Amino acid sequence: MPKGMRRLTGLRSLKEVVVSDGSNGNKTFTLGDLANLSYLRGDLKIRGLGNAGDVTEARKAKLHSKKDLFGLTLNFDSSTARMCDEDTILEALQPPGNMERLDIRCFNGPILFPSWLNSSALAQLRHVTLGNCRNWTLLPPLGELPSLESLQILNMNGVKKVGEEFLGLRKEEGQTSTPSSSSPMIAFPNLKSLRFSNMVKWKHWINCEIPSTRVAEMDNAIMPRLQSLDLQRCGMLKALPHYLLGLTSLKELSVDWCPVLVEYCQKEWSNISRILNIRLDGVYVQRSSH
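Note that this is a predicted model, so its numbers are computed, not measured. (Residues numbered from 1 in each chain as written. Predicted model: local features only at pLDDT ≥ 70, side-chain atom pairs only at ≥ 80, totals over all residues. Heavy atoms only, no water.)

Visitor: Go over the overall build of the chain, please, and point to the residues and values.
Guide: Assigned secondary structure in the chain consists of 7 helices and 13 strands. Across the 290 residues that make up the chain, the buried fraction comes to 44%. In the chain, the proportion of contacts linking residues at least 24 apart, taken out of those at least 6 apart, comes to 71%. For the chain, the computed accessible surface area is about 14,000 Å², with 48% contributed by carbon and sulfur atoms. (Helix = DSSP H or I, 4+ residues; strand = E, 2+ residues; numbered from the N terminus. Buried < 20%, exposed > 50% of the residue type's maximum accessible area, 1.4 Å probe, protein only. Contact = heavy atoms within 4.5 Å. Areas by Shrake-Rupley, 256 points an atom, 1.4 Å probe, with all protein chains shown as cover.)

Visitor: Break down the pairing of strand S10 (residues 228–232) for me, with residues and values.
Guide: Across the 5 residues that make up S10, a large majority, 4, are buried. With 5 bridges joining them, strand S8 (residues 193–197) and S10 adopt parallel strand pairing. By the bridge assignment for S10, Ser 197 is matched with Gln 232. Across 5 bridges, the pairing between S10 and strand S11 (residues 252–256) is parallel. Its bridge partner lying in S11, Leu 231 is registered against Val 255. (Pairing = 2+ DSSP bridges.)

Visitor: Hey, could you go over the packing of aromatic side chains for me, with residue numbers and the actual values?
Guide: Within the structure shown, the criterion is met by 8 aromatic pairs. Taking the centre distance of 5.3 Å and the plane angle of 70 degrees together, the rings of Phe 196 and Trp 205 count as edge-to-face. Both residues of the pair, Phe 196 and Trp 205, belong to the buried class. Sitting above the plane of the Trp 257 ring, Arg 233 keeps its charged end 4.2 Å from the centroid. (Phe/Tyr/Trp six-rings, centres within 6.5 Å; stacked < 30°, edge-to-face > 60°. Lys NZ or Arg CZ within 6 Å of the ring centre and 35° of its normal.)

Visitor: Before we move on, can you summarise the sheet that holds strand S1 (residues 16–18) with the specific residues and values?
Guide: Paired through their backbone hydrogen bonds, the strands of a sheet run either parallel or antiparallel. The 11 strands lie next to each other as S1-S2-S3-S4-S5-S6-S8-S10-S11-S12-S13, forming an open sheet whose pairing is mixed. Strand pairing shows two members of the sheet lacking a second neighbour, S1 and strand S13 (283–286), which therefore form its edges. Averaged over all neighbouring strand pairs, the angle between strand axes comes to 10 degrees, with direction disregarded. Two elements, S1 and strand S2 (residues 42–47), share 3 bridges in a ladder whose sense is parallel. Residue pairing in the sheet places Glu 16 in a bridge with Lys 45 of S2. Strand contacts of helix H6 (residues 259–267): S10, S11 and strand S12 (277–280), with the helix running at about 135 degrees to S11, the strand carrying the most contacts. (Axes fitted to C-alpha atoms, helices over the stretch in contact; angles between N-to-C directions.)

What follows is the structure in structure tokens.
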């Protein structure tokens, strides 16, 4: 992208920015040049973040100050073989607090989640997609996000289990986090749609409970509004956690190309059959007439 784009200081709409690999010297638009485009609004996709030389350019971009951006895609694909410190760059690319949609792709850094990926920094975040973050063996604590409605986890080839860390249950060593009775914790309080796809090493979805002094709160403490669960190409996944099978809100279950899980669903049919719409390997074995 031409360097002169940084002079378009009144620009409102820019769908995509491509980060240069540096082969053209100072003639191309850099990540730091985004600082001049203060009035960007709507959705912005940043590609080629794997080409970013260092964290300085990411800090210069000042994404957190662009209050009219509501959707952001951070794609760490690279046109070269050289590696950058992707964890520090991701940390520096903090979105504005009113962000509603976030997509992180092809992140090759270590399992070090950005500090801003929490409930206080992104309280209005409604839609999240995480894909091809190949070095992550655990998922970030997305259960803390109070407004999250839809979540897609794609091609996370390092993840072998999903458990308490995903729900946002924080533990000190040797202790279990216990919310107060006056303010019980709810993990994923507004999540309606959840999709996992192409999780080739994922074997275990751990049963978790959020401690509470009231039984009624325990029954509705995890994903109380989930309506749709879609699992594709998770060939080693063995079972679904009990907290999902107990959800009265769950209306749609799709399991495709997951042979072990399909067999599990057939064995556990008495616990699963109350879900109105069930699709196994592309075929509806149960479908509501409404």
